[in-house]
Amino acid sequence: MNNNMLHKRTVEFRFLAEPTHVNFGGKVHGGMVMKWIDQAAYACAARWSGLYCVTVSVGTIRFRRPILVGHLVELEAKVVHTGHSSMHIFIQVRSGDTQTEQLPETNHCIITFVALDEHGNTAAVPSWVAQSEEDHFLEQYAIQMKQFSQQVEQQMLDFYQQGTTGA
């Protein structure tokens, strides 16, 4: 993999949490964090593929700690697995006081995008090849999340195709 592709693998966003981002409890809305995750992952997927991309799925967002007004927010998005037209992006969100060097993780997730051509059809993307031990770990994490998601989705489809709604 050439250095140009390695450079395209990661996107970072950094900004301050603003008063317009918070809920009535004074903490950033979970929905706002999910919007940031989708935006950072889109930028990463579009940069990697060079194409317009759409979100296919988001796996397991768990909010571990709140983000407060005035805190520095950092989102790091990186390609950790690719299929023919899909890209699995690992997003890590960190946040903390601007006056310290510590930005503890607030949450992370895997978000999957598919690249589309100018006609709206799926398009091939460059392959990602894991390089480091962390890359291999994150790729396996993405694959496991994909398999779990597909299994649960099939269970849901099977349930509703049986005509059983519990009503």
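A brief structural summary.

Looking only at helices and strands, one finds 3 helices and 5 strands in the protein. Written out in order from the N terminus, the α and β elements of the protein read α-β-α-β-β-β-β-α. Along the longest, intermediate and shortest principal axes, the C-alpha atoms of the protein span 55 × 50 × 35 Å. The buried share of the protein, taken over its 167 residues, is 39%. Contacts in the protein between residues at least 24 apart in sequence constitute 71% of all its contacts with a sequence separation of at least 6. In the structure as shown, the protein presents an accessible area of about 9,800 Å², 52% of it carried by carbon and sulfur atoms. Side-chain charges of the protein comprise 12 positive and 16 negative groups, with the mean position of each set lying 4 Å from the other.

Note: α-helices contain 3.6 residues per turn, so residues at a spacing of three or four share the same orientation. Here helix α2 (residues 30-49) is 20 residues long and its end C-alpha atoms lie 28 Å apart, about the 28 Å a rise of 1.5 Å per residue gives. Every buried residue of α2 is listed here: Met32, Val33, Trp36, Ile37, Ala40, Ala41, Cys44, Ala45, Ala46, Trp48 and Ser49. At the C-terminal side of α2, glycine 50 shows a positive phi close to 75°.

Put plainly, a disulfide is one covalent bond tying together the sulfur atoms of two cysteines. The final tally for this structure, using the stated rule, is 0 disulfides. Its sulfur unpaired, cysteine 44 is 9.5 Å from the next cysteine sulfur, which belongs to cysteine 53. Its relative accessible area of 0% is what places cysteine 44 among the buried residues.

A few words now on helix α3 (residues 133-161). Look at α3: 42 Å from first C-alpha to last across 29 residues, which is about the 42 Å you get at 1.5 Å a residue. If you check which residues of α3 are buried, you get Asp135, Leu138, Glu139, Ala142 and Met145. Close packing links the buried residues of α3 with β2 (52-59), β3 (72-82), β4 (86-96) and β5 (105-116).

To continue, consider the sheet that holds β4. Strand order in the open sheet made by the 5 strands is β1-β3-β4-β5-β2, with antiparallel pairing throughout. With partners counted over all chains shown, the strands left at the sheet margins are β1 (10-16) and β2, one partner each. Averaged over all pairs of adjacent strands, the angle between strand axes in this sheet comes to 25°, irrespective of strand direction. Two strands pair when backbone bridges link them, and β1 and β3 are joined in this way by 7 bridges, in the antiparallel orientation. Bridged to phenylalanine 15 within β3 is valine 73. Across the sheet, α3 touches β2, β3, β4 and β5, and the angle it forms with β3 is around 80°.

Calculation rules
- Residues numbered from 1 in each chain as written.
- Predicted model: local features only at pLDDT ≥ 70, side-chain atom pairs only at ≥ 80, totals over all residues.
- Heavy atoms only, no water.
- Helix = DSSP H or I, 4+ residues; strand = E, 2+ residues; numbered from the N terminus.
- Buried < 20%, exposed > 50% of the residue type's maximum accessible area, 1.4 Å probe, protein only.
- Contact = heavy atoms within 4.5 Å.
- Areas by Shrake-Rupley, 256 points an atom, 1.4 Å probe, with all protein chains shown as cover.
- Lys, Arg positive; Asp, Glu negative; His and termini not counted.
- Charge placed at Lys NZ, Arg CZ, Asp CG, Glu CD.
- Expected span 1.5 Å × (residues − 1).
- Disulfide = S-S within 2.5 Å.
- Pairing = 2+ DSSP bridges.
- Axes fitted to C-alpha atoms, helices over the stretch in contact; angles between N-to-C directions.

Shape descriptors only; they carry no functional weight alone.
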